[in-house]
Every structure is written in C-alpha cells, then in structure tokens.
Amino acid sequence: SNLEERTMQSEITQPLLITVEETMRLMCLGRTKIYALIRQEGLPVHRFGRRVLVDPEELKSWLQRRRG
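Heads up: these notes are all about the structure in this document. (Residues numbered from 1 in each chain as written. Predicted model: local features only at pLDDT ≥ 70, side-chain atom pairs only at ≥ 80, totals over all residues. Heavy atoms only, no water.)

1. A short note on the overall build of the chain
- Tallying secondary structure elements over the chain gives 4 helices and 3 strands in all.
- Element order for the chain, N to C, with α for helix and β for strand: α-β-α-α-β-β-α.
- Within the span of the chain, comprising 68 residues, buried residues form 26% of the whole.
- Counting every atom, the chain has about 5500 Å² of accessible surface; 53% of that belongs to carbon and sulfur. (Helix = DSSP H or I, 4+ residues; strand = E, 2+ residues; numbered from the N terminus. Buried < 20%, exposed > 50% of the residue type's maximum accessible area, 1.4 Å probe, protein only. Areas by Shrake-Rupley, 256 points an atom, 1.4 Å probe, with all protein chains shown as cover.)

2. Points about the sheet that holds strand 3 (residues 51–54)
- Taken in spatial order, the 3 strands make up an open sheet running 1-3-2, and their pairing is antiparallel. What marks the edges here is a single partner per strand, and that holds for strand 1 (18–19) and strand 2 (46–48).
- Pairing between strand 2 and strand 3: 3 bridges, direction antiparallel. Across the sheet, residue histidine 46 finds its bridge partner in strand 3, namely leucine 53. (Pairing = 2+ DSSP bridges.)

3. Considering helix 4 (residues 56–67)
- The first and last C-alpha atoms of helix 4 sit 17 Å apart over 12 residues, in line with the 16 Å expected at 1.5 Å per residue.
- Three or more residues of helix 4 are buried, namely Pro56, Leu59 and Trp62. Taken end-on, helix 4 shows its buried residues confined to a sector of 115°, consistent with a single buried face. Helix 4 presents Glu57, Gln64 and Arg65 as exposed residues on the side facing more than 90 degrees away from its buried surface.
- Elements that come into contact with the buried residues of helix 4 comprise strand 1, helix 2 (20–27), helix 3 (31–41) and strand 3. (Expected span 1.5 Å × (residues − 1). Arc of directions from axis to C-beta. Contact = heavy atoms within 4.5 Å.)

4. Thoughts on helix 2
- All of the buried residues in helix 2 are Val20, Thr23, Met24 and Met27. Axial view of helix 2: buried residues confined to an arc of 105°, hence all on one face. Helix 2 presents Arg25 and Leu26 as exposed residues on the side facing more than 90 degrees away from its buried surface.
- If you follow the buried residues of helix 2, they end up packed against strand 1, helix 3, strand 3 and helix 4.
- Positive phi appears at cysteine 28, one or two residues downstream of helix 2, with a value of about 55°.

Structure follows, in structure tokens:
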C-alpha cells in the first residue's frame, strides 16, 4: 500500500544511529559532557571498533527515564 511505502521511506531517511557530534547538537552539550554521560550515567551507545554511535530512540527513552 501507499501508506506502507511512505512509512518505509521515512524509516530509511531517519538514521538508525547518529554520531556523537550529532548527539552533541541535539542535546546542546559538549563532547566532554556527552562522554561523561556515557561513562557515568549510562547514556546508551553502540560501539563499532572506535566508532561510538547513539540510537535516537534509545536516547529519547534514556532522557525520559532520567527525568523521572
């Protein structure tokens, strides 16, 4: 169906994972603070070798839990 195609298209254009730089911009925080949150407060990341990437959905959930 057309709706299904549009849904798939939006899923493809939304990145599954974002970089630390993109996370910094989204959260208006510096690199040092982001890495401190990863180490000290369990901000969820996915590591691929030296690359550290963030799942935007996991980030939202983490922020909501943290607020509670």
